[in-house]
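Okay, here's what each chain looks like letter by letter:
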Amino acid sequence: MLDAATEALVAFTDPTMLLFLGVGVLVGIIIGVIPGLGGTGAVAVLMPFVFVLEPNQAIAMIIGAVAVVHTSDVITSVVLGIPGSASASVFLLDGHEMAKKGQGGRALSTSFISSMIGGLIGIVVLTLIVPIAAPIVTAFGSPEIFALIVMGIFLTALLSKGNVAKGLLISAFGLALGLIGVSPVSAEYRYTFNSEFLTDGIGLVAAALGIFGLAEIIDLVAKRGAVSKERVALGGGWRQGMKDVGTYKSDVLRGSAVGVGVGMLPGVGTTAGAWLAYGQAQAFAGRRRDSTFGKGDPRGVIAPSAASNGIESGALIPTLLFGVPGAAPFALLLGVLLIFGVQPGPSLITNDLDLVYLIVWAFAIASVIGAALAFFLARPLARLSFVSFPVLAAALIPILFMSGFQEPLHLNVFYLMLALGIVGWICKVTHIPRAPFLIAFVLAEPLERYYFLTVNAFSPDEWMTRPFVIVIAIILTGAIIVPLVRRQRKRTSKVEETMQFSEKSDMTVPPFVELAVSIAALLFFTAAIVMSRDFSENGQLFPLAVGGAGILLALISLGWDISRVRGEGRLGRFDDVWLQRLKIVGMSIAWILAYIWLVFLVGMLVGSAAFALVFLLVVARMKVVPTIVYAACIVGALYLLAEFAQLVPPAGYLL
C-alpha cells in the first residue's frame, strides 16, 4: 500500500502532470460558474483530450475538473443569487444574504477554504478505506456487483428531487441507448439500423454534452439577455472569512463528515448532501442559541461548502471500488477509466492500486490549487453572468460540437447531440432529473455483462438469496416505502407539501405535455422490444429486460399523468407566454441546425466563423467591429485546439 502511494506521488514530480492537472482545475472553475453546465459540462468538454494524452495525464486532468466544480459554482449563488448548480442553491440562504450586506468576499473566502478542507478530509477517508475494503470488494461475485449497479441507478433516479416516475423512466432510456452498437455478450450489432455511425454505439461525450450542455444553451438562448440582471457588489471581508473557518472548525468537520458519508452512498447526490449539512449545522447552532441562519450566518456557508467537496471525494469510493458512480461527473470519470482499459471494481485494487492513489493525490492537490485560484478568479468569473448569454453561446456551441466529434469522428454525431439536447430541454421544463440518464447510460454495458453472468451461472433462488443481494433489496424497498408513508401522513394531517426539484424550470408545463412524454416513452420501449426479437438468444436477454422495465415505468408514469389530468379537470394548453417561449426555443434549435449544416458544407473553422458573425450580429446584437474580433478569437481558439491539442476539426463537403 505504502509503495503504491509513494509511486503515485512521485508521478506528480513530472511537470506535465501538474500542468494537465492545473488545466483541469482551471476549466472546472470557469465552467462551474456557468449555471446549468457545472461539473458534468466541465468534464465532458475535457474528455476529447483523453484520446491524445497519456493515461495518467488524462486522469489527472479529469480529476482536476471534478475536484473544483463545487468550489466555483458557489460564486454566482453568493454574488448574484443564481445557483451555479442545483446543490449550490443552499448558498442563497446565507451566502447571498451576506453579499447583500457587503460581505460577499467573506462568504466566498469561507466557502473556498471550507470546500478545500472538505475535499482533503474525504481523500483521507478514501485512503484509509482502501486497505479495509480490499478483502470485502475482492470477495464480491457477479450477483453482488449486479445488485450494486442496479441500486446505484435506482437510487440516483429515486432520490433526485422532482418527478420520480419519470426519473426512473429516463434511467431506462439511458440503459436503452447504452445498448446501441456491439453486444458485450454476443457477436452482433443491436439497434444500429444498418448505420456505420452507430456500430460503435453512442459516444459518452456526445451524450453528456447533448443532454446537459446543448439543453442549457437551448434554454438560455431562448430567454435571451444575461444570466443575471441584478448587480450585487462582491464586497469585502476576505480575511474575516478565513478567521470564520477557524472559529467554526467544528462545523467544517461535521459538514465534511456528512459530505463523505453521503458521497459513499450511490445516488444520494450533492444536492441532498449540501442540504443535510446545512440542516445539521442549523440544528447545532439552535442548541447554542446563537443562530442567525437565513440572515447571513457564515456557518450556513461553511457546512454545505465542506460537505459539497466531501461528497465529491467520498463519491470516489463507490466509483473506484465498485464501479458505480454516485453522480454524473463520476460517470464520465468511469468512462475515462474504461477507455484506458481500467475496470473499476475488485480488479482495480488488486491490479492497479497505484492508479487509485494517483487519483487520491490528484484530488488532494487539485483541491488546494482550486481554492487558491478561486480567490483570484472570483471577481472576473462573477462578471460572466452579466454577459448576454447569446454572446457566450456563440463560443460554447462550436466548442461543444468539436468536443463531441472527437470520439466517433463522424458528422452524424452532430444530429445526435442536437436530438439529445432537445430531450434534455424537455426534461428540464418537465422537472425530470437528467443525472440518472447519464449514470444509467455509462453503466449499461457493465450492468448487462454482470446480468448475463449472474443469470447464466446461478439459478434465481441462488443469487437472489445471497446476503448482500438481500441487503440491497431491503434498501431499495425502504427507499420506495418510506417516502410513500411520509407522503400519506402529510395528506392525512393536511400538511401542504412543497415540492423541490433538481431540474427546476421557471415555467409550469400544461398536463398534456407530461402525458405526451409518458406516451412517447411507452412507444419507444415497445418498439425496442419488437426490434430485439431479431437478436440472438443471448443478445436479446438484456434488451428484453430493459424494454419490459421501461414499459412498466411508462405505464406507471402514464397512470400518474392521467390522475393529474383528472384532478385538474383539463388537459391544459400553451398560453401566450408559452407560445412565445416555444417560438424562441424553435429559433434556438434552428440556429444550431444552421450551424451543423454550415460545418457539413464548409468545415468546422469556416463554418464556425460564418455562424459566429451572423449569430452575434442578429441574436446577440453586437456591433460590427466587436463581432469580427470575437469571431476571430473563437476560430483562433478552435485552430489552436487542432494544432497543439491534436483535436480533429470536422472537414466539410466543400472545404
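Provided above is the structure to which this section pertains.
Bear in mind the structure is a predicted one, so any value in this text is a computation, not a measurement. (Residues numbered from 1 in each chain as written. Predicted model: local features only at pLDDT ≥ 70, side-chain atom pairs only at ≥ 80, totals over all residues. Heavy atoms only, no water.)

A.B. asks: Teacher, can you tell me more about the side chain of Thr627 here?
C.D. replies: Its place among the elements puts Thr627 in helix H28 (residues 624–644). Accessibility expressed as a relative area gives 1% for Thr627, which makes it buried. Polar contacts involving the side chain of Thr627 include one to the main-chain carbonyl oxygen of Lys623, which spans 2.7 Å. When residues no more than four places from it in sequence are discounted, the contact partners of Thr627 are Ala612, Leu613, Leu616, Leu617 and Met622. (Helix = DSSP H or I, 4+ residues; strand = E, 2+ residues; numbered from the N terminus. Buried < 20%, exposed > 50% of the residue type's maximum accessible area, 1.4 Å probe, protein only. Polar contact = N/O pair within 3.5 Å; in protein donor to acceptor, adjacent residues only side chain to side chain. Contact = heavy atoms within 4.5 Å.)

A.B. asks: Can you help me understand the packing of helix H9 (residues 164–178) against helix H21 (residues 435–457) in this one?
C.D. replies: Between H9 and H21, the least distance of the axes is 7 Å, while the angle of their chain directions is 45°. With respect to their mutual orientation, H9 and H21 come out oblique. In this structure, H9 meets H21 at a crossing whose hand is right-handed. Along the contact surface, H9 presents Gly167, Ile170, Ser171, Phe173, Gly174, Leu175, Leu177 and Gly178, while H21 presents Pro436, Phe437, Ala440, Phe441, Ala444 and Leu447. Its residues placed into classes, the contact of H9 with H21 shows ten nonpolar, four polar and no charged. (Axes fitted to C-alpha atoms, helices over the stretch in contact; angles between N-to-C directions. Parallel < 35°, antiparallel > 145°, perpendicular 65-115°, else oblique. Left-handed = near helix turned anticlockwise from the far one by under 90°. Nonpolar A, V, L, I, M, F, W, Y, C, P; charged D, E, K, R; others polar.)

A.B. asks: Hey, could you run me through the packing of aromatic side chains in this one?
C.D. replies: What characterises a pair of aromatic rings is the spacing of the ring centres plus the angle enclosed by the ring planes. Under the definition given, this model contains 20 aromatic pairs. When the ring of Phe146 is compared with that of Trp463, the centres are 5.7 Å apart and the planes differ by 80°; the resulting orientation is edge-to-face. Of this pair, Phe146 sits in helix H8 (residues 142–159) while Trp463 sits in helix H22 (residues 460–463), and the two are 317 residues apart along the sequence. Neither Phe146 nor Trp463 differs from the other in exposure class; each is buried. Between Phe512 and Phe574 the ring centres are 5.2 Å apart and the planes differ by 70°, which places this aromatic pair in the edge-to-face class. Here Phe512 is found in helix H24 (residues 511–532), whereas its partner Phe574 is found in the loop between helix H25 (541–568) and helix H26 (576–602), with 62 residues between them in sequence. Residue class for Phe512 comes out partly exposed when judged on its relative accessible area of 28%. One aromatic cluster is present, formed by Phe401, Phe405, Phe414, Tyr415, Trp591, Tyr595, Phe600, Phe611, Phe615 and Tyr653 through successive ring pairs. (Phe/Tyr/Trp six-rings, centres within 6.5 Å; stacked < 30°, edge-to-face > 60°.)

A.B. asks: Please clarify how unusual backbone geometry should be interpreted in this entry.
C.D. replies: Note: most peptide bonds trans; most residues except glycine with negative phi. Of note in the backbone geometry, Asn194 takes a positive phi value of approximately 60° without being a glycine. Secondary-structure assignment places Asn194 in the loop between strand S2 (189–190) and helix H10 (204–223). Residue classification places Asn194 among the exposed residues on the basis of a relative accessible area of 82%. The backbone of His431 shows a phi angle near 65°, a positive value even though the residue is not glycine. Note on placement: His431 falls in the loop between helix H20 (413–429) and H21.

A.B. asks: Would you explain the layout of surface pockets in this entry?
C.D. replies: Empty space among the atoms becomes visible once a probe the size of a water molecule is rolled across them. Empty space within the second largest pocket amounts to approximately 780 Å³. Together, 32 residues line the second largest pocket, and Asp200, Ile202, Leu204, Glu407 and Glu445 are the ones closest to its centre. Secondary structure elements with two or more residues in the lining of the second largest pocket: H9, strand S1 (181–182), helix H16 (328–339) and H21. It is H21 that provides the largest number of residues to the lining of the second largest pocket, a total of six residues. Tallied by class, the residues present in the lining of the second largest pocket amount to 16 nonpolar, nine polar and seven charged. (1 Å grid on protein atoms, 1.4 Å probe; cavity = no way out; pocket = protein on both sides within 12 Å on 5 of 7 lines; lining within 4 Å. Points joined across faces, edges and corners; volume = space filled by probe spheres on them.)

A.B. asks: How do you make sense of H21 when you look at a structure like this?
C.D. replies: Residues spaced three or four apart along an α-helix point in a common direction, a consequence of the helix completing one turn every 3.6 residues. With 23 residues, H21 extends 32 Å between its outermost C-alpha atoms, agreeing within 8% with the 33 Å of an ideal straight helix rising 1.5 Å per residue. Along its length, H21 shows its largest kink, about 50°, at Ala444, and proline Pro446 lies within four residues downstream of that point. (Expected span 1.5 Å × (residues − 1). Bend = angle between axes of the 7 residues up to and from the residue.)

A.B. asks: Would you mind going over a nonpolar patch on the surface with me for this structure?
C.D. replies: A grouping of Leu613, Val614, Leu617, Val618, Val624, Val625, Ile628 and Val629 is seen on the molecular surface, where their side chains present a nonpolar patch of about 670 Å² in accessible area. Secondary structure elements with two or more residues in the nonpolar patch: helix H27 (604–618) and H28. With respect to the secondary-structure elements, Leu613 resides in helix H27. For Leu613, a relative accessible area of 31% puts it in the partly exposed group. (Patch = residues over 30% accessible without salt bridge, like charges linked within 9 Å, V, L, I, M, F, W, Y side chains within 5 Å. Areas by Shrake-Rupley, 256 points an atom, 1.4 Å probe, with all protein chains shown as cover. Salt bridge = Lys/Arg side-chain N within 4 Å of Asp/Glu carboxyl O.)

A.B. asks: Any chance you could explain the pattern of salt bridges here in plain terms?
C.D. replies: Two side chains of opposite charge can pair, provided their charged atoms sit close to one another. By the definition in use, this model includes ten salt bridges. Asp561 is paired through a salt bridge with Lys166; the nearest N and O atoms lie 2.8 Å apart. Taken together, the positions of Asp561 in helix H25 and Lys166 in helix H9 put the pair 395 residues apart, joining distant regions of the chain. Residue classification places Asp561 among the buried positions, given a relative accessible area of 4%. Here Lys166 falls in the buried class, since its relative accessible area comes to 2%. One salt bridge in this structure joins Arg254 and Asp251, with 3.0 Å as the shortest N-O distance. Separated by three residues within a single helix, Arg254 and Asp251 lie in helix H12 (residues 249–263), roughly one turn from each other. Given a relative accessible area of 0%, Asp251 falls into the buried group. Among the charged side chains, a salt-bridge network with shared partners connects Glu514, Arg564, Glu568 and Arg570.

A.B. asks: What's the story with the nonpolar core in this structure? I'm lost.
C.D. replies: What tends to happen in soluble globular proteins is that the nonpolar side chains get buried as a cluster. Ranked by size, the top nonpolar core spans 171 residues in total, and within it Ile62, Ile217, Leu316, Phe401, Phe414 and Phe437 carry the most contacts. A per-element tally of this core places H10 first, with 13 residues. Residues within four places of Leu316 in sequence aside, it is in contact with Ile63, Ile123, Leu126, Leu321, Phe330, Leu333, Ile359 and Phe363. Leu108, Trp238, Ala303 and Ala307 belong to the second-largest nonpolar core, a separate cluster that totals 25 residues. (Core = buried A, V, L, I, M, F, W, Y, C linked by side-chain atoms within 4.5 Å.)

A.B. asks: For this particular structure, what's the right way to read the packing of H9 against H25?
C.D. replies: Each pair of packed helices gets described by two things: the angle between the helix axes and the distance between those axes. Put simply, H9 and H25 touch, their axes get as near as 9 Å, and they point 155° apart. Comparing the axis directions of H9 and H25 gives the class roughly antiparallel. Crossing of H9 against H25: the hand is left-handed. Every residue of H25 that contacts H9 at Ala165, Lys166, Leu168, Leu169, Ala172, Leu175 and Ala176 is listed here: Val546, Gly550, Leu553, Ala554, Ser557, Trp560 and Asp561. Taken together, the residues of the contact of H9 with H25 sort by class into ten nonpolar, two polar and two charged.

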